[in-house]
Every structure is written in C-alpha cells, then in structure tokens.
Amino acid sequence: MAFPDDVLTDEEEVVLHLHPHAKAAVRPVLVLVAALAAVILVWVMLPPTTGGLIGVCVVAAIALFMSVTRGVWPLLVWRTTHYVFTDERILLQDGVVARERRDLPLNRINDHLTRQGLLDRVLGCGTLTVDSIGEQSAVLASVPHVQQVQTTLYELIETDRELRPEDEDDEPEPPLVRPRGAGRRSPWRSPRPSGPPPRR
C-alpha cells in the first residue's frame, strides 16, 4: 500500500504524502460490521434444522458479497489512492489491480481552488482542484486539512518560480515593425529612366 519511491528523481523531495480523508472508510467499515451482525443474528435466531442452515447460508452469502463489494473493495481503493506533493510536481496515483498515475509539474500550474461543504468544514477536509497549462485539471477529492494543503501548494509553486526564473524570461520577442511606406513605391511616381539623360 505504500507509495513507491522509485518514481521519484534523485533530488526530488516529498513534502506531503496524503490519502483521502478517513471519512471515506466510515461507510465500508459500517457495512462490514452490519454484515457480520446479520450473520450472527440469523445464526442465533434460526433453528438448527435443514431449513435453518439453508437460511444461514443464504444470509452469509449475501453478507459476504456485500462485504467484498461495499466494504473491502472501497477500503482498498482508499488505501491505494495517493496524493503526493514534492518540490517539483504533484503525483496522483490510484488503483488496486490496474494502477494509474498522473504527474502535474509545479511550473505548469496556473490556478488552484478548494471547495468545502458543511460536513467537510466540520471534518477539516475538502476538494482541491488544480488547473494546469493546456486546459487540463486534476480533482483531489476528500483532501484532509485542505486549507493547509492549498497553502503549502502555493508556497511550493512560488519557491519553484524563484528557483527557475528562466522559465518566465523565455517569452517570444515582439516582431520588428517596419515603418509605414518603407520599401514601397508610390503608384503616382513614374520609374526613373535607366539610360543617360536626354540632350537639350
């Protein structure tokens, strides 16, 4: 479940390594507890007959299916989702079986904003949207301590700009403007004769 360090460069340093807020694990845990409680309740209530055993097996199968799809799998998705902020970029990685990773260099980020609902403000989390050059954006859902994370991201961007001032100086030079009429021949002026001047 740990983030692989081999994706980082030799001089790259990790500033923040986050997972989505723990609120994402509340519902899967409740599903697991409810499934286990349902199996125990049916086992105690039903008589030890053939019909009772069939009922316990049916409830156990349903509980197992719900536990895997609504309990274990969301927990795995939560633990395998990584928000990594380094001094060079933002790395977003998720996926349990098929893994997907996205990199956002700091020097290409031009805007970032946070959104918080009422529950998010109580829990201290929120959604961080990062816009980069080329009309590309990344949405980081349920970021813990989202206000502090946005402040840290702003500081990382400013530090990166101070360390790389040549990126701002590489602006195209304006084209040379030729004065009006330069190199043009007036349509009212006759061409100068090329031969010797006429004798009078």
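Attention here is on the structure that accompanies the text.

Reading guide: rules and limits
Residues numbered from 1 in each chain as written. Predicted model: local features only at pLDDT ≥ 70, side-chain atom pairs only at ≥ 80, totals over all residues. Heavy atoms only, no water. Helix = DSSP H or I, 4+ residues; strand = E, 2+ residues; numbered from the N terminus. Buried < 20%, exposed > 50% of the residue type's maximum accessible area, 1.4 Å probe, protein only. Contact = heavy atoms within 4.5 Å. Areas by Shrake-Rupley, 256 points an atom, 1.4 Å probe, with all protein chains shown as cover. Pairing = 2+ DSSP bridges. Axes fitted to C-alpha atoms, helices over the stretch in contact; angles between N-to-C directions.

Looking at the overall build of the protein chain
Along its length, the protein chain carries five helices and seven strands. Order of helices (α) and strands (β) in the protein chain, N terminus to C terminus: β-α-α-β-β-β-β-α-β-β-α-α. Of all 200 residues assigned to the protein chain, the portion counted as buried reaches 26%. In the protein chain, once contacts between residues fewer than 6 apart in sequence are set aside, the share between residues at least 24 apart is 55%. As displayed, the protein chain offers around 14,900 Å² of accessible surface, 58% of which is attributable to carbon and sulfur atoms.

Brief notes about the pairing of strand 4 (residues 100-105)
Where strand 3 (residues 89-94) meets strand 4, six bridges bridge the pair, whose relative direction is antiparallel. Paired with Ile 90 across the two strands is Leu 104, which belongs to strand 4. Connecting strand 3 to the antiparallel partner strand 4 that follows it, the hairpin turn spans five residues, and Gly 95 within it adopts a positive phi of roughly 115°.

Re the environment of Gln 136
Residue position: Gln 136 is located in strand 7 (residues 136-144). Along the primary structure Gln 136 and Ile 109 are separated by 27 residues, whereas in three dimensions their C-alpha atoms are 9.4 Å apart. When neighbours within four sequence positions are excluded, Gln 136 is seen to be in contact with Arg 102, Val 130 and Asp 131.

Topic: the sheet that holds strand 3
Pairing within the open sheet is antiparallel, and its four strands lie in the order 1-2-3-4. In this open sheet, the two strands that pair with only one neighbour each are strand 1 (14-18) and strand 4. When the angles between neighbouring strand axes are averaged without regard to direction, this sheet yields 15°. Relative to the sheet, helix 4 (residues 146-163) contacts strand 1, strand 2 (82-86) and strand 3, its axis offset from that of strand 1 by approximately 150°.

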